[in-house]
Every structure is written in structure tokens, then in C-alpha cells.
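Notes for the structure review
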Amino acid sequence: MKNKKNIALGALVAVLGTSVAMGTSYALYQAFPEDQTIHIGANTNQDIELVVGAVTDAGGNVVTPDTDHVFSFDVGFNKTAESTYTQNIYAAKLSVTVTSDNAALLDGLVSGASKFKVDPNAEYYGTFWAGTAGEATFVAAEEGGSITASVVVPLDIETDLETKVTLHLGDDVTDENFATTIAEATYNIDINLTEPDAGFVPAYIVGSMADSGWTSVDRYMMVPDPKNAEFMWMYETQTGIFAEGDQLKGNKRGDWNEVTQEYNTIWSSGENSVYGQNGFVDNAIIGWTGWDSGSLYIITR
């Protein structure tokens, strides 16, 4: 996808993500889309292009008690020419939804632990994201009629990440009840790549920079480190963002405080880091656990 900049759908701007519908309903079969790109706002409108690649069939395209429906597609992101987004990692929410009028089919897919996994062969992610953090199992919607698997994962501007979806019927779906209750079912599949929900709270580098004033601003927003063995926030510094002598701290919104009726604030531990000292320089990666028990530190690759 990174070599397919011309696929951008320029009319679809300033919306929340990209949605790919996998065709009309067929009896346990789906048509697959071409690459889709859409713009979203990050720091400014149209900063980021979230990209879902063409879906390919990696196995049987009819789900039965003996056959899984397996397919895959790539996900990634680009920066627009006008982008002010500072990082080469972007955290996005990937969702896959299966819709059907046949409740037995949907129940069977849930009982079969149907799921998707990003970077299934661990060719890019480190231990944390290559584990269960980078996968999602399907759950039923409260109102019925659909099941959805979704997870927020870090995307890399240089690397398209394969996503493998496996629709598997549980052992409770026998050949007999499949034939009598499911075999004529139809279903639709939708792929959505969007900004994270409001519940996803990022960490920030805050400090004595004039445009920060020790408050959180988008320019210094941290992102999940895709390469770490555990969950870690990271920020890649670049020339011209910080000045020598800037005082730095990690900052994140904490839990709601019923006493103060405000959110608690989490700060990195220890003394302020000073830009220009101890590895806090241009083209470095600053890491933080996101908890007040951890200090800012320099991640080495």
C-alpha cells in the first residue's frame, strides 16, 4: 500500500476512518474489495490517511463445521503533505463486523472463538503486540444481528501490517444442526479502521516548551511502542521540535476522582529530564510506562 499513493479517495476527507464493506450477501461467501484510503484529522484536518488494503482469500471461503473462512488484508497509515503529526507510529482502532439474520451462525462463530490478528507471523511487532494484545475475538452485539472484533493497535508509516481473520464454528455446531439451521445463511463483513474511541487516553511529553507550558498538546503526544516486550509509551524526537535545556516530564490523564470531581493526573517519576542531556537529543526515542512509578528514559533499538 505504501507504493499506492494514487489510491487515496480525495473526496472522503475529515471523517473518522475507513470502512470497507465486503460485498453483498451470498450464502456463506463474500466478495473482496480493492484498497481503500480515507483521511482523518489528528493534529489538523486531513493529517493522516488510514489505509485498508485489498482483501485476499487465504483459505476456504465457505464456513462449515469442517472448514474455516480465512481471509487477510493489510492495514497502514500515511501522512498527508500538509500533516503536522510528528510521529511515525499511529494508534488506530481496527474492527471487523459480521452481520447476519441467522442467529445460529453468529452464535456458532462466537462459540468457535472466531478472531482476527494483526501481524499474525510477528514479522514486525515486538513480544507485547505480537501476543494477545494484537488480536481480537468476536463478541455479539447487545441488540443481536451482528458480532464484532476490535482492538486498538499501533501502525507504522513504513510497514503495512497483515491482518488475518479466521471465522471458525464452535464444536457445538454439528453437521446436523448446521444443515438444518445454518447452511442457507448469508452474512456481510465490514472492515473499519478509525481513530481510537474516546476511552483511549494517550500519554504526552509536557514541559517548559512555550507551546506546552506543562500541559498536553498534540505536538507532543506519545504513541504505543510497537516493538517493546511490554506495553510502553514512546515519542520519537526530531530536529527542531525541542530546544536544548527544555525541561520534560511524562503526563497522562488518570482515573476519575469522586472526591475532587476531576480526573487524576499521572506524572512520570524522578527529576525533570533536560533536553540535550543523558541521551535526550534529536532523533532519539523517549519511553515511559505511563505510570507515576516510571521515569522518562531513552529506548535503544
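This text goes with the structure placed above it.
Before going into details, it helps to say that this report is about the structure given with it. Everything quoted here is computed from the prediction, not taken from an experiment.

**Remarks on the nonpolar core**
Counting 52 residues, the largest nonpolar core has Phe 73, Val 98, Phe 116, Leu 155 and Leu 167 as the members making the most contacts within it. With six residues, strand S7 (residues 89-99) is the single largest residue contributor to this core. Sequence-distant contacts of Phe 116, that is, excluding residues within four places in its chain, are made with Leu 94, Val 96, Gly 134, Glu 135, Ala 136, Ala 149, Ser 150, Val 151, Thr 163, Lys 164 and Val 165. With 16 residues, the next largest nonpolar core counts Ala 203, Ile 205, Trp 233 and Tyr 275 among its residues.

**Quick look at the side chain of Asn 102**
Mapping Asn 102 onto the fold places it in the loop between S7 and helix H1 (103-111). Here the side chain of Asn 102 touches Ala 104 through a polar contact of 3.1 Å, landing on its backbone nitrogen. What Asn 102 contacts, discounting residues up to four positions off in sequence, is Thr 181, Ile 182 and Ala 185.

**Digging into the pairing of strand S14 (residues 204-207)**
With burial as the criterion, each face of S14 is covered, one bearing Tyr 204 and Val 206 and the other bearing Ile 205 and Gly 207. Sheet topology note: the S14/strand S17 (residues 247-257) ladder contains four bridges and is antiparallel. The residue bridging Tyr 204 from the neighbouring strand is Asn 251, located in S17.

The rules we used
Residues numbered from 1 in each chain as written. Predicted model: local features only at pLDDT ≥ 70, side-chain atom pairs only at ≥ 80, totals over all residues. Heavy atoms only, no water. Core = buried A, V, L, I, M, F, W, Y, C linked by side-chain atoms within 4.5 Å. Buried < 20%, exposed > 50% of the residue type's maximum accessible area, 1.4 Å probe, protein only. Helix = DSSP H or I, 4+ residues; strand = E, 2+ residues; numbered from the N terminus. Contact = heavy atoms within 4.5 Å. Polar contact = N/O pair within 3.5 Å; in protein donor to acceptor, adjacent residues only side chain to side chain. Pairing = 2+ DSSP bridges.

As far as function goes, none of this settles anything; it's purely spatial.
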